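What follows is each chain in one-letter form.
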Amino acid sequence: MEEAGYVPDTGVVLHDVNEETRAMWVCGHSEWIATMFALINTGSGMPIRITKNLRVCLDCHSWVKIVSKVTGRVIVLRDTNRFHHFKDGMCSCKDYW
């Protein structure tokens, strides 16, 4: 993922821990887990739909953009405020928060 341009934004972790722990905690967000599960269990080319009952954080938003670009998949992520449609590394919200 780093080769594709992803750098973890550890600023979203509000605990007083070291950078390494922050980077590990960011990787455990539900969007990551759901996206990886969908990539493993669906056929290539099929869109991925994820629903969240909380807002998506900035780091996860950036990560899903990279995943959509690398895998060539359409990912629809619904949070409490809007639907985010990721395709070819771009989001329909145009990174508007």
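Residues numbered from 1 in each chain as written. Predicted model: local features only at pLDDT ≥ 70, side-chain atom pairs only at ≥ 80, totals over all residues. Heavy atoms only, no water.

A. Seen up close, the pattern of salt bridges. In this structure the tally under the stated criterion is three salt bridges. In this structure, glutamate 31 engages lysine 52 in a salt bridge whose closest nitrogen and oxygen atoms are separated by 3.4 Å. Here glutamate 31 is found in helix 2 (residues 30–41), whereas its partner lysine 52 is found in the loop between strand 1 (48–51) and helix 3 (58–71), with 21 residues between them in sequence. Each member of the pair, glutamate 31 together with lysine 52, is buried. Notably, a salt bridge pairs aspartate 95 with lysine 65, separated by 2.9 Å at the nearest N-O pair. With aspartate 95 in the segment after strand 4 (90–91) and lysine 65 in helix 3, this pair connects stretches of sequence that are 30 residues apart. For aspartate 95, a relative accessible area of 44% translates into the label partly exposed. (Salt bridge = Lys/Arg side-chain N within 4 Å of Asp/Glu carboxyl O. Helix = DSSP H or I, 4+ residues; strand = E, 2+ residues; numbered from the N terminus. Buried < 20%, exposed > 50% of the residue type's maximum accessible area, 1.4 Å probe, protein only.)

B. Representation of unusual backbone geometry within the structure. A positive phi angle is found at aspartate 88, which is not glycine, with a value near 55°. Mapping aspartate 88 onto the fold places it in the loop between strand 3 (83–87) and strand 4. Take aspartate 88: its relative accessible area is 53%, and that puts it in the exposed class. Positive phi outside glycine occurs at aspartate 95, with the angle close to 60°.

C. Summary view of the packing of aromatic side chains. On inspection of all chains with the given rule, the structure shows one aromatic pair. On the basis of an interplanar angle of 10° and a centroid distance of 4.2 Å, the ring pair of tryptophan 32 and tryptophan 63 is categorised as stacked. With tryptophan 32 in helix 2 and tryptophan 63 in helix 3, the pair connects residues that are 31 residues apart, well separated along the chain. With a relative accessible area of 3%, tryptophan 63 lands in the buried category. (Phe/Tyr/Trp six-rings, centres within 6.5 Å; stacked < 30°, edge-to-face > 60°.)

D. Structural view of the nonpolar core. Counting 15 residues, the largest nonpolar core has Ile75 and Phe86 as its most contacted members. At the level of secondary structure, the elements contributing two or more residues to this core comprise helix 2, strand 1, helix 3 and strand 2 (75–78). Broken down by element, the residue count for this core peaks at four residues, all from helix 3. In contact with phenylalanine 86, other than residues within four places in its own chain, are His61, Val64, Lys65, Ser68, Arg73, Val74, Ile75, Leu77 and Cys91. (Core = buried A, V, L, I, M, F, W, Y, C linked by side-chain atoms within 4.5 Å. Contact = heavy atoms within 4.5 Å.)

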